[in-house]
Amino acid sequence: MKRLQILGLVVCAAMAFTGCKDANYKTSPNGLKYKIIDGGGKDSVKEGDVLKMNMVVKLSGSKDSVLHDSYGKMPMFTKVQAMPIGQPIYSPDEIFTLLKKGDSAVVVTYVDSAITKGLVAEAQLLPFMKKGDKITYYYKVIEVFKNDSLAQADYQKEVERDAPRAKKEAEEMAEKMLKEQKAVLKKEIDSLNKIGAVAAQEREITGFLQGKGIAATKTPMGTFVKVDNAGTGASVIDGKYVTLKYTGKKILADSTFESNSFTVQIGKAATIPGFEDGLKQFKEGGKGTIYIPGYLAYGKNNPPIFKQYEAISFAVEITKVSDTEPAPEPHPAPAEQPKK
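Note that the coordinates shown come from a computational prediction; the quantities given were computed from them, not determined experimentally.

A. Structural detail: the overall build of the protein. Tallying secondary structure elements over the protein gives 5 helices and 13 strands in all. By residue count, 36% of the 340 residues in the protein fall in the buried class. The contacts of the protein with a sequence gap of at least 6 include a subset with a gap of at least 24, amounting to 70%.

Right, dumping it as C-alpha cells:
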C-alpha cells in the first residue's frame, strides 16, 4: 500500500505537469521539455557520478501505457556521462547534471522530434509507437554516488533484495509466453487440419518409415518414435532437465543438418514441439529416433535451411535426466605449446 501511495504522488504530480502548458517547463539546449522539483539536496550531480533513481516511463498519444515502473522493483543505476559534441542528442540524460539527491524530475520527449533529428526513422519505430506520440519520464533521485565502488556495492545489494520478485516475475512471464505459444500452435494445427495438411504431412512420415522398414509408434500429439532402448533411469517429464546427444536429419532429403549435444528443460517450449514430445517417450539411458512431421517441427516460420513444413528426424541418446540444471562443464586448459 505504501509503495502505491508513493507512486500515486509521483504520477499525480507528473500528470499535473504534463497537463500544463509548455511554458511551465524549461527547454534544454537540445529541445527537451523538463521540470525539476527541488528535493532539498545540496550538491549537484557531476559527470562521473552514479545516480540511483526510481523511474516511471509513460507513452501517450495513439496508445496510453506505462512502459516501465521501477517502484517496488530494481532501481535504475546510471553513470552520468558528458554529452557528445556535434552529435544529435535527444535523451533525458541531458538534464542529469541539473539534479541533486532527493530531486524529482519530469522529462517529455516527442516521437516526431526524434524523427526530425534523425535519431530514428519512422519505419524503425517500435510497434506500439506512432508519429505524434510522446514519452514522459518521471525520476526520483534516491542517492548520488561519487565513486563507482560505492555504487557497485549498493547495486549488488539491490540485486539481492530484488531477486525473489524478479524470479517470480520471470516465471510468470515464461508461463504466459508458454500458454501463448501453445495457443498459437493449436490454432495453426486446427487450420491445417481443415485443409487436410496435417494428415498429408503425417503420410510423408509413414511413407518414409514403411519404405525403410522402420517400426515407429505415433504419439497422441503426432510425433513418430522408434525406441531402440527406452532407458531405465528417471523419466523425461515436464520440469526435468534432460542432457542428450542428437543428430538431426531432413527425412525426405536423407541429409544430416546438425549433430550436437545440449541440456534442455522439458515443458518450457525451449525446443520444437515434436522434439520435446518425442523425448518424453524415453528415460535416462534411452536411445532411439524421433520422426517429426513439419507442423510439429519448424512449421511455416522455418529457418532458412528448411523448407516450410519440412519433415525432420533426430537420433537421440538421453545421457542424463535431473531435477536441477547441470553445472556447465569446465573448458579444458589450453595445451602447452612446444618449446623452441
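B. Molecular detail of the side chain of threonine 219. Looking at the secondary structure, you find threonine 219 in the loop between strand E8 (217-218) and strand E9 (224-229). Judged by its relative accessible area of 6%, threonine 219 is buried. Residues contacting threonine 219, with those up to four places away along its chain left out, are Val225, Asp277 and Gln281.

C. Main features of the packing of aromatic side chains. One pass over the full model with this rule turns up 13 aromatic pairs. Ring centres 5.4 Å apart and planes at 90° place the aromatic pair phenylalanine 77 and tyrosine 155 in the edge-to-face group. Of this pair, phenylalanine 77 sits in strand E5 (residues 76-79) while tyrosine 155 sits in helix H3 (residues 148-194), placing them 78 residues apart in sequence.

D. Region of interest: the environment of tyrosine 291. Along the chain, tyrosine 291 turns up in strand E12 (residues 287-292). Between the alpha carbons of tyrosine 291 and alanine 315 there is a distance of 8.8 Å; along the sequence they are 24 residues apart. Not counting residues up to four positions away in its chain, the partners in contact with tyrosine 291 are Ile205, Phe208, Leu209, Ile214, Thr223, Phe224, Lys226, Ile251, Ile312 and Ser313.

E. Broad picture of unusual backbone geometry. Positive phi outside glycine occurs at alanine 269, with the angle close to 55°. With respect to the secondary-structure elements, alanine 269 resides in the loop between strand E11 (255-265) and helix H5 (273-279). Judged by relative accessible area, alanine 269 falls into the partly exposed class, the value being 30%. With a phi close to 55°, tyrosine 309 is a non-glycine residue in the positive phi region. By the secondary structure assignment, tyrosine 309 is in the loop between E12 and strand E13 (312-322).

F. Broad picture of the pattern of salt bridges. For the structure on display, the rule yields 16 salt bridges. Among the salt bridges present, the one from glutamate 169 reaches arginine 165, with a minimum N-O distance of 3.1 Å. Residue glutamate 169 and its partner arginine 165 are both found in helix H3; the two are separated by 4 residues, about one turn of the helix. Judged by relative accessible area, which is 25%, arginine 165 ranks as partly exposed.

G. Fine view of the sheet that holds E9. Taken in spatial order, the 6 strands line up as E8-E9-E12-E13-E10-E11 in an open sheet, and their pairing is antiparallel. Either end of the sheet is taken by a strand with one partner, and the two such strands are E8 and E11. Here 6 bridges tie E12 to E13, and the two strands are oriented antiparallel to one another. Each bridged residue has a counterpart across the sheet, and for glycine 288 the counterpart in E13 is valine 316.

H. Spatial organisation of the packing of H3 against helix H4 (residues 197-212). With their axes 5 Å apart at the nearest point, H3 and H4 run at an angle of 90° to one another. If you check the angle between H3 and H4, you find them roughly perpendicular. Judged by residue contacts, Ile189, Leu192 and Asn193 of H3 engage Ala197, Val198 and Gln201 from H4. Across the contact of H3 with H4, the residue classes break down as 4 nonpolar, 2 polar and no charged.

I. The nonpolar core, seen in detail. With 27 residues, the main nonpolar core has Leu244, Phe275, Leu279, Ile292, Phe314, Val316 and Ile318 as its most contacted residues. Of all the secondary-structure elements, those providing two or more residues to this core are H3, H4, strand E10 (241-250), H5, E12 and E13. The greatest single-element share of this core, amounting to 5 residues, is contributed by E13. The residues contacting valine 316, other than those within four sequence positions of it, are Leu244, Lys245, Tyr246, Phe275, Leu279, Phe282, Gly286, Lys287, Gly288 and Ile290.

J. Fine view of H3. Along H3, the sharpest change in direction is near 50° and occurs at alanine 163; proline proline 164 comes one to four residues later. What H3 keeps buried is the set Ala151, Asp154, Glu158, Asp162, Leu178, Glu188, Ile189 and Leu192. Those residues of H3 that are buried are in contact with strand E3 (50-60), E5, strand E7 (134-145) and H4. Looking one or two places after H3, you find glycine 196, whose phi comes out positive at around 75°.

K. Representation of H4. Across its 16 residues, H4 extends 23 Å between first and last C-alpha, which sits within 8% of the 22 Å expected from 1.5 Å per residue. Of all the residues in H4, the buried ones are Ala197, Val198, Gln201, Glu202, Ile205, Phe208 and Leu209. Angular distribution of buried residues about the axis of H4 spans 145°; they occupy a single face of the element. H4 presents Arg203, Gln210 and Gly211 as exposed residues on the side facing more than 90 degrees away from its buried surface.

Analysis parameters
Within each chain, residues carry numbers counting from 1 in the order of the written sequence. At least 70 in pLDDT is required for a residue's local features to be given in this predicted model, at least 80 for side-chain atom pairs to be given and counted, and no such filter applies to totals for whole chains, interfaces and linings, which use all residues. Remark: hydrogens and water are excluded; side-chain values derive from all non-hydrogen atoms of the structure. Labels follow the DSSP assignment, with helices taken as runs of H or I lasting at least four residues and strands as runs of E lasting at least two, numbered in each case from the N terminus. Three labels apply to residues, based on accessible area from a 1.4 Å probe with only protein chains included: buried if under 20% of the type maximum, exposed if over 50%, partly exposed otherwise in between. Contacts: residue pairs with any heavy atoms within 4.5 Å of one another. Planes of paired rings set the category: under 30 degrees apart is stacked, over 60 is edge-to-face and the rest tilted, where pairs are Phe, Tyr or Trp rings (Trp by its six-membered ring) whose centres lie within 6.5 Å. A pairing counts as a salt bridge when a side-chain nitrogen of Lys or Arg comes within 4 Å of a carboxyl oxygen of Asp or Glu. Pairs of strands are assigned from DSSP output, requiring at least two bridges between the strands. Helix axes are fitted to C-alpha atoms over the stretch in contact, other axes to C-alpha atoms as well, and angles between N-to-C directions run from 0 to 180 degrees. The labels follow the angle: roughly parallel below 35 degrees, roughly antiparallel above 145, roughly perpendicular from 65 to 115, and oblique for the rest. All residues other than Ala, Val, Leu, Ile, Met, Phe, Trp, Tyr, Cys, Pro, Asp, Glu, Lys and Arg, Gly among them, are scored as polar; the first ten of these are nonpolar and the last four charged. Working definition of a nonpolar core: buried Ala, Val, Leu, Ile, Met, Phe, Trp, Tyr and Cys residues. They are joined through side-chain atoms within 4.5 Å. To get the bend at a residue, fit one axis to the 7 residues ending there and another to the 7 starting there, then take the angle between the axes. Here the expected length of a helix is defined as 1.5 Å per residue gap, with one fewer gap than residues. Of all possible arcs, the one meant is that of the directions from the helix axis to the C-beta atoms.

That is the geometry; function is a separate question.
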